[in-house]
Every structure is written in C-alpha cells, then in structure tokens.
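Breakdown of the fold
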Amino acid sequence: MPNKSIEQIKKDYNEAYKNVTGRVTICGGTGCMAGGSMKVYDAFEAEFKKHNIGYCLNITKGCHENYLSISGCRGFCAAGPLVSVNDVFYTHVKPEDVPEIVEKTVMKGEVVDRLLYADPATKVHYKTTAEIPFYSKQERILLADCGRINPEDINEYIAHGGYAQAKRAYLEMTDEQVCQEMIKSGLRGRGGGGFPTGKKWDFTRIEKGPKKYVICNADEGAPGAFMDRSVMEGNPNAVIEGMMIAARAIGADEGYVYVRMEYPLAVVRMRKAIKQAEELGVLGENIFGSGKNFKINVMEGAGAFVCGEETALIASVEGKRGMPKVKPPFPSQSGLFGKPTVINNVETLATVAKVLEMGAEKFAAIGPKTSPGTKTFAVTGHVANTGLVEVPMGTTLRQVIDEVAGGTTNNDGTVNKAAFKAAQIGGPSGGCLTKEHLDVPLDFDSLKSVGAMIGSGGLVVMNEHTCMVNVARFFLEFTKRESCGKCVPCREGTDQMLALLTDITEGRGTMKTLETLEELAKSVQKASLCALGKTAPNPVLSTLKYFRDEYLAHVQKKECPAGVCKALSKYRIDAAKCKGCGMCKKACPVQAISGEVGKPHQIDPKKCIKCGACARTCKFGAVTR
Amino acid sequence: MTEKFAPTDKILEEHGYDATKLIPILQQVQEIYRYLPEDVMRHIADKLNISPAKVFGVATFFAHFAITPKGKHIIKVCNGTACHVKGSANLINAVKTKLKLTGNQETTADGMFTLECVSCLGACGLAPVMVIDETVHGQCTPELVSKYIDEVIAAEAKNAK
C-alpha cells in the first residue's frame, strides 16, 4: 500500500517543479554515454558553480532556478552527445562547448548556432526537435517520454501520468475487462511473432492458479536492434507498469525481467526503477490497497541469442541450458516452473499503459486495421540519421529511410538517395527489401506477403557498395553460432549452408553449390524445431530471390560486383591518378606497395592481404579494386 | 581447501543453495576468477546437489561463461549487422594483426589481451564499435584500433615501472 497516493506524488512534484526556471537535459542513453555525455553533465555542474547559477539535480521542495537532469535515449544516436536547454536542442556537444552554452543559452537565452543540428543534405540549421525532420516525421507514443523525463526519477514518471493506468486496472477493472480492452485495441506482440497480446493474456487468465508468472523478454539479441534497450534505459517505469497490468490481467504475483547481459545500463535502470517503485509502495504487497501482490525480479542473460525464444528463455530462468521446447504446451498453459506464464517483449509491455490511457478504440485507429499502433525501428547502416524512430504501422519504407532517417548515404557518409540497394528487416530471421519494395507499408501482414518480417524492428539500410552474398553469409555465421544444437536440421543445416556460402564468397562456388544451398535452405525452414532454425534460411532465400545476379557473378565470373568479398577482389593503383606521395606505402601493414616518390606506385598482389588501408589513405582515389 | 571455496560458498549462500539460480551464481563466481575453474564448478555441483555435467552444460552453453582464463584486457569488437556493413571485419583483422593472434586464438600468449567478437552491443548509431574493457570507441577504423591498443600497452608499461 503506497505511503502517499500517486495523485499526491504528482501534485507535490508539479508544485515543486513550478519554481524551476530552466532545464538542461543531457542524454544518458548508451550511445551518448559512449560519446562522453556524462563528462558534459559534469561540465554543466562545474559551470553552474563557477557562475553561481542556482541548480538542482532532483526535483524536491525548495528547488529553484535550473534543473540539471539526464534523460533516456532520445533515438538520435548519430548526433550525440545530445543536450537540450529548455527547447533548444544541441548535437555533438563536448565538455569544451559547455562554458559557451551556459554563458549564452542558459544565462542570456541566446542560441549557439554551431551546435544546432544541421541537415546533412540541405545544411539548414534547426533550433528545436519539433523542427527537425528526424523527429517531426515521427509519431512518438511509446518513445514520447524517453528523452523527456528523467529515467532515474520515478516521481517524474508519475507526474506525467505514470502508474495511473495500473491503479485503474487494479482498482476499477476486472481481470477480464483488462484482457478485453487489450483484445479490442488489437495490440500485437512487438517481439517478432506478432501474436495478439490481449488473447495471450486471456489464455493465461483462464488457466488455474494460484501461481502464475509474467515475464518481460528483454533478451534483445538480434544484431542491429536496440529499441528494447532504449526503452528500458529511457523509461523503465513504463515497462514495470506494463508488467503490473499484465499481472493484474492474468492473476500473477511474480514477474521476471530477463535482460541480456550486453545491456548493463538497462539492468541498472530497471533495478533502480523497481527499487523506487517498491519504496513508494506502488509495487510489492497490497498494491493500491487492492489486496494483490506483485514482485519483480531482474535476471541477466548469459549470452545466448536463442534465449529470445520464449521456451528457451524460460529454461534459462530455471537455471538450465537455454534450449527451446516443442509447443504445445504453450507457456500460457505450462511456462515457468510449469506454471501458467505470460511472456511479452519490452516494447509490447511499455505500450500497454498507453493503450489503456488513450483507450482501445483510439489505439486501434492508428495505422492499418490488422496491425494497429505505432512501431519503433532501429534504423542503422548506410543512412544519414541512424537511430531509433517510431512511426505508425503501415508507414512505407521510403518514408522511414528518406524522410525520417535523412536518406541513404555513400560509404563516405554523403547523402545519396539513389544509392539505396536493400534494407534488411527483422535481423537474422528477416528478409531483405529492395528498391521495388520501397513503397510497401511496414506492418506485420504486408511484410509477410513479400517474404520479410518486422521481427523485432531492426532495419539495416545498405547502399550499392554492399555485397548481398556477404550479407547472407554474415547472418548465417550468426545463426550457426547461436544454434543451440538441440535439433539436427538447424544444427547441421546452418553449418552446411554457411560452408556453401563461404565457398561462393571465396570463389569455389559452382551452379551446383547454388542449387544445394537453395534446397538445404528450404529443408531447414521446414524441419527445424524453433523459430531460430525456421527463420535462419530467410536471409539466404530472400537474397537468392532478389539478388540472384550477384550470386551468379560470384559463381560464374568469380567476381564480387560490390568489391566486398576479399578473396575475389584485387587492389590496384591507377597510374594516371597516383601522384607518388607514398601515403599508401606507409599505411600498408605488409609492405606490399613499392614505388619511388613522385612516381606511380604498385601493389604486389602476392603480398597484399586486401585490408584496404591503402584505399582509405589515398587522397586522390587512385587505389581501386 | 575450504578456504579456497569461501567466496563461492558465500555466493551460494546468498542464493539459498537454489539450483534454479545456477546462472546468476555462475555469473557472480566468474566475476571473482574471470573464468570458471573446473574445481569450482565441481564444488558448486556438489553444494547444489546436481551433477557436475549439468553445471558444465550450462557453463558451456552460454557465450558469457569462459572455462579458460581470459586476458587482463578484454577487447570486444562488435560484429552486429550495422557494424558489419560498416566494416567491422577490418577491425577484427586489425586487432588480430596487431596482437599477433592466429586462427581461432583469442587470448595473447602473455595473457594481456583477449579478443571477443560480439553480436551486437546495441550502439548501432556509432558503428563500427570496439570496446576495450569499459571504454567504448565508436566510428572506429583499423588505424584507430592500433592506436587504442598502443595506449593500453603504454599504460601497462607505465604501471609496471
């Protein structure tokens, strides 16, 4: 039972916040922190002290002048570290920039123009996030509070309406009503499968208790996906509230958050938020005076991609090797320790309170009928603005890449929309989308119809200098390594597919290799036990379908059209362009380059290890492959 | 003998000798030794009343657990999709060349460095990414790899003096 009602907490917080005259928010997401944002934070504190400017690090009674806070991931990782002073938004901020920001923006309200975001194509400077196309073209429902509130202060979450829906679910709704509301909203699981969340809950609700579990699947293992990490780091309380509502819906009194170990910051923030929620009495025993209890444990994974599969994850929580089981029985019938269990991914759970807040009908009205709501995508690879974006389901690939992410880029980072070659969606389980799919709406069903899937929402954009055979081989290398070894088709099949792809990329492939590869891919797809194996051949099959000419070039001409596959590439110096500056000679780690100063140099193909150091150092573009 | 296992016993006790907590137990034990020594694993099996095979099974299943000693400094090169298309293979080769690692060798002969290729660090916005111990180096190049490793070696030499 809370010591203080959430309404009172909200009132007190807003009362205290009234005296705050300015706010400096520094992004504390993994990306910005790697870029040194905590040093920027320290620099602000030092500068405030130097100028005798009043500031506070927490909102409490008596707080006045400036509030210096961190925020969660704001999604615009490529431009980090990010800092906002009230509504002025600065990018690439270094500690050295802080004195100027404090003197001009904090003290006088002037803008430091050079730190504003400049569009890479148009060079236009933008002052606020509302003006930047990366943000203005998005519809941020789930991510709205990420980047706006302090993830390490539960009071601010509550002040923004947090835990009001959990309270409503516990006090004003029956378990069945909660399930029905979720069914009506049409929310589908954001972890990959796209199963309707409300139905999953209802199946678990009708199972016999008393012991039931809620598991939050935060084992976001797909390379190129980081939306779950961002949500846990940026708004951990939304995940907790979602788990509480799920627990209310099915009648569970215990939950687990299973976070992959590669996300240390997410673990810290989740643990901190749980502790604060327990201290406030929001979480724990006799929740909101309902007489119901709910306890959340955090468990760190130990590095196995297959644990993203629900039955494997459950085995891992039980202290066993993380191997999947045959379904049925589904976790809703027999899950953790044999008890009925609901297992949802982070993004799904973080959306739950929003669904209740806006109402099922309103949520269902966003996006296509069969895939309502918004979806976050981690857009990476060859795009101008890599980062996390949230758009309504059904937005086209073209809109996401060109409008939100600022367009495809060349290898040197310059924007070149025509350079788009393919986008890999859904990670190692997904498929690739090509130029002809640029106008396909991104939703569960449309993507399925073109042989791809949303998966967890990783979207890797690739330009024309990418070799699709190499990409397929890359994914196979990953799935082969992560195959748990329980079933033969996946264990042996991924190994053999990888061997065949290696033959192709190293110039040993024949037409027979292609034929065998395709046949094997189809067998693995059909015969594997769990989703890992069933989807492992997807990258192979979709690249074979859309980029067969590239496979043929590797096999028949022994050429890699993109110049990526090393065994098939030859570095050469164009004598007409070479000025004989000797830079490449210095850069070569194996002394394969010879030549006199001022005269064209040569590469000895026998010594060359094809590392590309020469091509990167040459200022005249004389090294080609 | 009992003294040797004292830190492990403390961890086991914190978890109430509960075999379902095997993974967190092994994680904490590994933090002490930087890997999982065989005798320690046998001891854990004994205390939890499960077979050593079960403990080894879990220890060898998950990538995070090491059954051989790791180097003093861990270099992680991210080979996630975003890093891969931005050239992480060149970084891996650069580390191997720099540290004279051959074939599948991960740890240098002097036990100073261990190279790990990880699937995704979730810092895709900074691709390609390399992490030395706790320091994240974004938008890395083979030339920078060499520079960062030299910095660690220089710091080690300074400490030794």
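As a starting point, this report considers the structure included with it.

It is worth spelling out the overall build of chain A at this point. Across its full length, chain A holds 25 helices and 20 strands. Scaling as 2.2 N^0.38, a compact globule of 625 residues should have a C-alpha radius of gyration of about 25 Å, and chain A matches this with 26 Å. With respect to the three principal axes, the spread of C-alpha positions in chain A is 80 × 65 × 40 Å. Within chain A, the fraction of its 625 residues that count as buried is 55%. Taking contacts inside chain A between residues at least 6 apart in sequence as the whole, the part at least 24 apart equals 70%.

What follows covers the sheet that holds strand β5 (residues 88-90) of chain A. Across a sheet, strands are paired by hydrogen bonds formed along the backbone, either parallel or antiparallel in direction. Residues and elements named next belong to chain A. Spatial strand order, β2-β3-β1-β4-β5: 5 strands in an open sheet with mixed pairing. Across the chains shown, the open sheet's two edge strands, defined by having one partner strand only, are β2 (55-56) and β5. One ladder, built from 2 bridges, connects β2 with strand β3 (residues 65-71); its direction is parallel. Across the sheet, Cys56 pairs through a bridge with Tyr67, a residue of β3. Packed onto the sheet, helix α3 (residues 37-50) meets β1 (20-27), β2, β3 and β4 (83-85) and runs at close to 155° relative to β1.

With that settled, consider the environment of Arg248 of chain A. Residues and elements named next belong to chain A. For Arg248, the position within the fold is in helix α11 (residues 236-250). Separated by 164 residues in sequence, Arg248 and Asp412 have C-alpha atoms that sit 52 Å apart. Contacts of Arg248, omitting those with residues within four sequence positions, involve Ala169, Tyr170, Asp175 and Val178.

Attention now moves to the nonpolar core. Counting 221 residues, the largest nonpolar core has Ala246, Val400 and Ala423 of chain A together with Val129 of chain B as the members making the most contacts within it. A total of 10 residues in this core trace back to one element, the largest contributor, which is α11 of chain A. Not counting the four nearest positions on each side in its chain, Ala423 of chain A is found in contact with Leu397, Ile401, Cys432, Leu433, Leu459, Val460, Val461 and Met462 of chain A. The next biggest cluster of nonpolar side chains, apart from the first, holds 13 residues, and it includes Cys584, Ile593, Ile603 and Cys614 of chain A.

Thresholds applied
- Residues numbered from 1 in each chain as written.
- Chains lettered and ligands numbered in written order.
- Predicted model: local features only at pLDDT ≥ 70, side-chain atom pairs only at ≥ 80, totals over all residues.
- Helix = DSSP H or I, 4+ residues; strand = E, 2+ residues; numbered from the N terminus.
- Rg over C-alpha atoms; globule rule 2.2 N^0.38 Å.
- Buried ≥ 20, exposed ≤ 12 C-beta atoms within 10 Å, placed from the backbone.
- Contact = placed C-beta atoms within 7 Å.
- Pairing = 2+ DSSP bridges.
- Axes fitted to C-alpha atoms, helices over the stretch in contact; angles between N-to-C directions.
- Core = buried A, V, L, I, M, F, W, Y, C linked by C-beta atoms within 7 Å.

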